[in-house]
Amino acid sequence: MENLYVKLAAYREIETERLHLRPVTFEDAPAMFEYASDETVTRYTFPTNQSLEETRNNIALFYLASPLGKWGIELKENGKFIGTIDLLDLDLCLKKGSIGYVLNKDYWNQGLATEATKAVIALAFEQLGMNKLIAVHDQDNPASGRVMAKSGLKYSHEEPYAMLDLHEEGRMVTRVHYVLTKEEYLAEK
């Protein structure tokens with residue numbers, strides 16, 4: 001039986017109404033740096049990039065070294081690279097994983113993160129045969145939770161003292177967990 005990574009290899013690109021999800025390349029570095037260097041965007045995700053070189057290094061480390069289940073988000077209308085969406089922490093035996101995304105703030109509040117998330121969720125349950133998806137956000141970032149809810153993920157629980165904040169020294173993050181099982185997904189379809 002094919003494992004999740006073999007199946008993922010067949011889905012390097014995904015099309016939605018407005019988006020083309022596709023592999024991230026070094027050519028995306030300037031557009032990625034545009035949002036990865038913006039503290040408003042990175043506040044709840046990853047350390048703010050300080051240079052284009054750092055962004056290129058991150059592309060090599062996170063997207064080129066193991067590209068399966070990781071997509072750049074590109075607008076179909078103009079080819080603009082605006083973010084990324086990933087299937088992470090894949091458990092091949094239990095067929096579960098987590099979903100994460102980041103989007104250039106110029107494209108927030110347009111339903112684009114939700115559109116990309118719904119496409120990856122559909123892929124996970126319909127083509128990959130996954131059993132469960134998890135997504136988490138910092139309690140202080142409820143906008144990310146709204147994307148999760150609009151995408152069909154269900155609120156599960158809060159996890160106090162989940163991690164130290166990467167941007168604010170001494171702050172402990174409460175993570176909010178969302179979950180979706182294949183049964184819930186199929187029942188809503």
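Residues numbered from 1 in each chain as written. Predicted model: local features only at pLDDT ≥ 70, side-chain atom pairs only at ≥ 80, totals over all residues. Heavy atoms only, no water.

Some words on the overall build of the protein
Put simply, the rule is: Helix and strand assignments come from DSSP, with helices taken as H or I runs of at least 4 residues and strands as E runs of at least 2, each series counted from the N terminus. To get the radius of gyration, use the C-alpha atoms; to get the globule rule, take the number of residues to the power 0.38 and multiply by 2.2 Å. Between buried and exposed lies partly exposed: a residue is buried under 20% and exposed over 50% of the maximum accessible area for its type, with that area taken using a 1.4 Å probe on protein chains only. Should any heavy atoms of two residues lie within 4.5 Å, those residues are considered in contact.
Helix and strand counts for the protein stand at seven helices and eight strands. For the protein, whose C-alpha radius of gyration is 16 Å, the value lies close to the compact-globule estimate of 16 Å for 189 residues. On the principal axes, the C-alpha backbone points of the protein span a range of 45 × 40 × 30 Å. Looking at the protein as a whole, 44% of its 189 residues qualify as buried. Put simply, 62% of the contacts in the protein that link residues at least 6 apart link residues at least 24 apart.

A short note on a nonpolar patch on the surface
Quick note on the threshold: A patch consists of residues exposed above 30% relative accessible area that lack any salt bridge, with like charges linked at up to 9 Å and nonpolar side chains (Val, Leu, Ile, Met, Phe, Trp, Tyr) linked at up to 5 Å. With residues, only the protein chains shown are counted as cover, and all accessible areas are computed by Shrake-Rupley using a 1.4 Å probe. Whenever a carboxyl oxygen of Asp or Glu lies within 4 Å of a side-chain nitrogen of Lys or Arg, that contact is scored as a salt bridge.
Where nonpolar side chains cluster on the molecular surface, the patch consists of Y161, L164 and M172 and spans about 390 Å² of accessible area. As for its position among the elements, M172 is in strand β8 (residues 172-181). Look at M172 and you get partly exposed, because its relative accessible area is 48%.

Notes on the side chain of S98
By secondary structure assignment, the location of S98 is in strand β5 (residues 96-103). According to the relative accessible area criterion, S98 is buried, its value standing at 13%. The contacts of S98, once residues within four sequence positions are left out, are D86, L87, L88, D89 and I134.

What about the UniProt feature "domain: N-acetyltransferase" (unreviewed entry) in the protein?
The criterion, for reference: UniProt positions are given in the numbering used here, feature names are shortened, and annotations may be inferred rather than shown by experiment.
UniProt's feature table lists "domain: N-acetyltransferase" (unreviewed entry) at residues 19-185, given in the numbering used throughout. Note that residues 19-185 is 32% helix and 34% strand, and that its end C-alpha atoms are spaced 22 Å apart.

Some remarks on the side chain of H20
We apply this condition: Pairing of N or O atoms within 3.5 Å defines a polar contact, subject to two protein rules: one partner must be a possible hydrogen donor and the other a possible acceptor, and residues neighboring in sequence count only if both atoms are side-chain atoms.
One can find H20 in strand β2 (residues 19-22). A polar contact is formed between the side chain of H20 and the side chain of E13, at a distance of 2.7 Å. When neighbours within four sequence positions are excluded, H20 is seen to be in contact with E13, I14, E15, G72, I73, E74 and K76.

A closer look at the pattern of salt bridges
One pass over the structure, following the stated rule, counts twelve salt bridges. Between E115 and R18 there is a salt bridge; the shortest N-O distance is 2.7 Å. Residue E115 is found in helix α5 (residues 112-127), and its partner R18 is found in the loop between β1 (14-15) and β2; the two are separated by 97 residues along the sequence. Taking relative accessible area as the criterion, E115 reaches 15% and is therefore assigned buried. Assessed through its relative accessible area of 32%, R18 is described here as partly exposed. Ionic pairing is found between E168 and R43, a salt bridge with its closest N-O pair at 3.1 Å.

A few points about helix α4 (residues 52-64)
When we look at burial in α4, the residues that qualify are T55, I59 and Y63. The inward-facing, buried residues of α4 contact α2 (29-36), β3 (70-75) and β4 (81-91).

Quick look at unusual backbone geometry
Unlike most non-glycine residues, D89 shows phi in positive territory, near 50°. Checked against the element boundaries, D89 lands in strand β4. Residue D89 is classed as exposed on the basis of its relative accessible area of 65%. The backbone of K95 sits at a positive phi, close to 55°, despite the residue not being glycine. Within the secondary structure, K95 is located in the loop between β4 and β5.

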